[in-house]
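Inside the fold
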Amino acid sequence: MAKIINVIKGTKDILPQDISSWHKLEQTALDVFGKYGYKEIRTPIFEATELFARGVGDTTDIVNKEMYTFEKSDRSLTLRPENTAGVVRSFIENGMTRLSAPVKLWYHGPMFRYERPQAGRQRQFHQVGVEMFGVKQPAADAEVIMLAVDYLKALGLNDLLVEINSLGCPACRDTYKKRIKEVLKPEFENLCDDCKNRYEKNPLRLLDCKVESCREIFEKPEIKKVIESDFICEECAEHYSELKSYLDKMGIKYAENKLLVRGLDYYNRTVFEIKSNNLGSQNAVCGGGRYDSLVKNLGGEDTPAVGWAMGMERLNSLLPPILPEKIDAYVVSNYLPEAFLLAKKLRSAGKTVEIDLANKKFMKQLEKASKIAKFALILGEDEIKNHTVSVKNLETSEQNTVKADEVAALI
RNA sequence: GCGGGUGUCGUCAAGUGGUUAAGACCUCGGAUUGUGGUUCCGAUAUGCAUGGGUUCGAAUCCCAUCUCCCGCCCCA
C-alpha cells in the first residue's frame, strides 16, 4: 500500500458524525444575530499581510510569530488569523461608512494561527463573531455583550462567567503604562524573563504574571498602589460605568477584572471575555471589546466600533453531543427501477429515503433498514404486481400493505 | 518558542526481551434466496507512530523524528 498522507498538525477533519453541532452553531447564529439586525458577511480567507500588521498590531504575538504568510507575485499574503481586520477592510472598501449607523455584521469561518496545538487550540480553527460600527455610546457595548450572552443561552450554555474591564482611551492608558514602568524600573532586573519582555511590549500584561517572585514585587505597597489606581480619565470612567449600569439593568451577571487586558492592539475602553470552567487552560469562549480607532487606522473615516469573536471548537466542546437521527425509510427490494421510483416519489414529498444499491439478500437489507431507518418499505414481486408497498414500522414491527400512493402519509 | 507525558486493528484495549500479538465493539460473510433489531459460527494487525540501533531473539531496551495530550507563553 502507498504511504498515507495525514492531516496537517493542528488541523482537524470535521466528520459527518460531528457536523450537526456545527450546523447548530451556525443556525443559532443566523437566528439570534438576525433578531438583533445583524447581517452576515463573508470575506476572503487570505488578505494582504499589511492588513493584519496594521490592523491587529505588529507588536502582537499573533502578527509576530503566529501568521501563515506567503509570497505570490511580489505580494505578501496572509491566511487570516482573526476576522475583525478583514471585516473592517471590507467595511471601508465597500463604502459602508455611508450606510446609516449602526452597521451590524456577523461572520463565521476558519482562522489560522501558527501556535503549539493543545486542547482548545488548533492551527486552523473556527470563529463566529459580530462587529458593530458607528456607535460610540456604551449602549453599543452593552448590546453586543447582551447578544453574546443571548447566543450562548440559545445554545443551552448558561453556566459561563462574563468578565469586563476598561482599558481607557490611548491617552489615559499611556499615562498608566508610563507610571507602571516608572515604579517597576528599580525592580526590572528581578522580574522574570516573560515580564522583562512584557515590560517593553505591553506593560499592562505584567500584572497577571503567575511567577512567585514577580507576584512578591507587585505586592510591594508603593507598586501595588500604582497598579490598583484608577487610571482611566473621567470620560472613559463614565463610559464604563454607564455600560455597567446597562448590564445591571438587563440582569447580565459579570465580574470586573482589572487584569483583563487582551492581546490585540486595537482595543480601547471596553474589553470583555466569557469563560468556562470546563475547557482546561484555554478557558475563554468569547473575547471582544471596543476598537474606536481601527477603522481610521486602516484608512477609513473615523468610526467607532465594538465586537467580539467566539471559538467554535471551544463552544462545541461545551455542547452536549447530538445523537444521529434515523432516516424516514429504507426501501427493501431487489427490483431497482421500482425502488428508485418509490424513493424518488417519497423524497419529493420531503422524506429521507435510502435504497440498497448492491442487490443484497432480503434479510441483509432488512437488517440494514433496522439499523438506520424508522420504516422499511418492502417492495417485492407481489407488491409490484399489485402496485402496493409493505410498510413495516421497525420499532413496533407493525406491517401494513398499502397502495403505493399512500406510503408517504404513513411514514 | 520552552518544559512534562503519550502512541498496539476503524474504536476501546491486554501484553513490561523468548516461538502463531489476548479480548471487546464496529465492519463483512454464513446459519437464514420474503421478515430485521436477539442468538450462534466464521473472517479481519506477517505487524505494535516512523526510521535507525542493542540482542541469538524487540511491541517490550536505547537514540532520533513525528503525533496527540498537559503546563508556560498567547489566544477563541
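Position labels on residues start from 1 in each chain and follow its written sequence. Labels are handed out in written order, letters beginning with A for the chains and numbers beginning with 1 for the ligands. Note on the predicted model: pLDDT of at least 70 is required for a residue's local features to be given, and 80 or more for side-chain atom pairs to be given and counted; whole-chain, interface and lining totals, by contrast, use all residues. The basis for the side-chain values is all heavy atoms of the structure; hydrogens and waters are excluded.

Using a probe with the size of a water molecule, rolled over the atoms, empty space left in the structure can be pinpointed. In this analysis a 1.4 Å probe is tested at points of a 1 Å grid over the protein atoms alone, and where it fits but cannot get out there is a cavity; an open set with protein on both sides within 12 Å along at least five of seven lines is a pocket; lining residues have an atom within 4 Å of a point. Grid points are joined across faces, edges and corners, and a volume is the space filled by probe spheres set on the points. Taken as a whole, the second largest pocket spans an internal volume of roughly 560 Å³. Lining the second largest pocket are 29 residues, and of these K12, W22, E313, N316 and S317 lie nearest its centre. Secondary structure elements are taken from DSSP: a helix is a run of H or I of four residues or more, a strand is a run of E of two residues or more, and numbering for both begins at the N terminus. Secondary structure elements with two or more residues in the lining of the second largest pocket: α1 (19-35), β6 (124-133) and α12 (312-318). Counting residues per element, the lining of the second largest pocket draws most heavily on α12, at 4 residues. Side-chain classes are defined by residue name, with Ala, Val, Leu, Ile, Met, Phe, Trp, Tyr, Cys and Pro counting as nonpolar, Asp, Glu, Lys and Arg as charged, and the others, Gly among them, as polar. A breakdown of the residues in the lining of the second largest pocket according to their chemical character gives 11 nonpolar, 12 polar and 6 charged.

Moving on, we get to the domain arrangement of chain A. The start and end points of each domain follow an automatic or database-based domain assignment. Here chain A is described as being made up of domain 1 (16-169 + 232-318) and domain 2 (327-410). The distance between the C-alpha centroids of domain 1 and domain 2 comes to 49 Å.

This part covers the protein's contact with RNA strand B. Put simply, a residue is near a molecule or strand once any heavy atom of it comes within 4 Å of that molecule or strand. Not every one of the 50 residues close to RNA strand B is listed here, only the nearest: R121, R205, R262, G263 and S397. Of what RNA strand B places within 4 Å of the protein, 55% of the atoms are sugar or phosphate. Whenever a nitrogen or oxygen atom comes within 3.5 Å of another N or O atom, the pair is scored as a polar contact, on the condition that within protein one atom can donate a hydrogen and the other can accept it, and that pairs from neighbouring residues in sequence are kept only if both atoms are in side chains. Within the side chain of E383, a nitrogen or oxygen atom sits 2.9 Å from a base nitrogen of RNA strand B. Sorting elements by how many residues they give to the surface near RNA strand B places helix α14 (residues 362-372) first, with 7 residues.

In this section: the nonpolar core. Of all hydrophobic cores here, the largest spans 98 residues; its most connected members are F33, F133, Y151, F218, W308 and L315. Per-element tally for this core: the top contributor is helix α5 (residues 138-154), with 10 residues. Contact between two residues is taken to exist if any of their heavy atoms lie within 4.5 Å; hydrogens are not considered. Apart from residues lying up to four places away in sequence, F218 is in contact with L184, L191, L206, L207, C209, I223, K224 and I227. If you look at the next biggest cluster of nonpolar residues, it comprises 16 residues, including A339, L342, V353 and V402. We call a set of buried Ala, Val, Leu, Ile, Met, Phe, Trp, Tyr and Cys residues a nonpolar core when their side-chain atoms join them within 4.5 Å. Burial classification: accessible surface area is computed with a 1.4 Å probe over protein chains only, and a residue below 20% of its type maximum counts as buried, one above 50% as exposed, and the rest as partly exposed.

Quick look at the sheet that holds strand β11 (residues 305-311) now. Strands qualify as paired when DSSP identifies two bridges or more between them. Strand order in the open sheet formed by 8 strands is β1-β5-β6-β11-β10-β9-β7-β8, with mixed pairing between adjacent strands. Of all strands in the sheet, those bounded by a partner on one side alone are β1 (39-40) and β8 (255-256). In the packing of helix α4 (residues 84-93) onto the sheet, the strands contacted are β5 (103-112) and β6, and the crossing angle to β6 comes to about 45°. Orientation is described by lines fitted to C-alpha atoms, with helices fitted over the stretch in contact, and by angles between N-to-C directions that extend from 0 to 180 degrees. Lying over the sheet, α5 contacts β5, β6, β7 (161-166), β9 (268-275), β10 (284-290) and β11, oriented at roughly 20° with respect to β11.

Turning our eyes to something else, we now look at the pattern of salt bridges. Salt bridge criterion: a side-chain nitrogen from Lys or Arg within 4 Å of a carboxyl oxygen from Asp or Glu. Here the structure, examined in full by the defined rule, presents 16 salt bridges. A salt bridge links R121 to E115, with the nearest nitrogen and oxygen atoms 3.4 Å apart. By relative accessible area, which is 22% here, R121 ends up partly exposed. Exposure remark for E115: the relative accessible area of 16% places this residue in the buried category. Within this structure, E47, R89 and E93 form a network of salt bridges that share partners.

Here we come to the sheet that holds strand β15 (residues 388-393). The strand order across the open sheet built from 5 strands is β13-β12-β14-β15-β16, with neighbouring strands paired in mixed fashion. The open sheet terminates on both sides in strands that have one partner only, identified here as β13 (353-355) and β16 (399-403). Averaged over all pairs of adjacent strands, the angle between strand axes in this sheet comes to 30°, irrespective of strand direction. As paired strands, strand β12 (residues 327-332) and β13 are joined by 3 bridges and run parallel to one another.

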